[in-house]
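Each chain is listed here by its residues.
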Amino acid sequence: MNNRIKHHDKKNALSIVNAAEKEMQFTLKQEVTDESAFNIIRNVYESFRMLGDALLISKGIVSQDHIEQIKELEKVAVETERPIKLIDSLRRLRHNINYYGYIPTKVEAEDAVSIAHACFNPLLKEIRKELDKK
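Residues numbered from 1 in each chain as written. Predicted model: local features only at pLDDT ≥ 70, side-chain atom pairs only at ≥ 80, totals over all residues. Heavy atoms only, no water.

### Some words on the pattern of salt bridges
Two side chains carrying opposite charge are able to pair once their charged atoms lie near each other. The final tally for this structure, using the stated rule, is eleven salt bridges. Between aspartate 88 and arginine 91 there is a salt bridge whose closest N-O contact spans 2.6 Å. In this pair, aspartate 88 and arginine 91 are both assigned in helix α4 (residues 86-100), three residues apart and thus about one turn of the helix distant. Of the two residues, aspartate 88 and arginine 91, both sit in the buried class. Within this structure, Glu46, Arg49 and Asp53 form a network of salt bridges that share partners. (Salt bridge = Lys/Arg side-chain N within 4 Å of Asp/Glu carboxyl O. Helix = DSSP H or I, 4+ residues; strand = E, 2+ residues; numbered from the N terminus. Buried < 20%, exposed > 50% of the residue type's maximum accessible area, 1.4 Å probe, protein only.)

### Notes on the side chain of serine 58
Note that serine 58 resides in helix α2 (residues 37-58). With a relative accessible area of 4%, serine 58 lands in the buried category. Of the polar contacts made by the side chain of serine 58, one reaches the backbone oxygen of leucine 55; its length is 2.7 Å. (Polar contact = N/O pair within 3.5 Å; in protein donor to acceptor, adjacent residues only side chain to side chain.)

These figures come from the coordinates and say nothing about function on their own.
Next up, the structure:
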């Protein structure tokens, strides 16, 4: 883990949370097709990653990789309809898309959307609550 400690930055963390929410709202309005699958998966994943990044930044930690950001989300005590650990499968899928030319299917994009519907808003709400305490 190559994290740098920086100052706690609640304002930046809130800005990232708001951007993640806006990105997710836009992405979930897109029609899921084989052609849109890669964009939907990457955007859904990126929105979750941004939430994890906001948590780290609020603690003064600048993460060097996405794994730490996703692990941070897994620490959030929140009830979701699907396990938060599934977000890591989105990370791996996005990695394969970006770095190995994997072409995802409509079914994989539908699963990403399902994870988003099940987990994003509960995480968003809890993270906002945590940031308000700081």
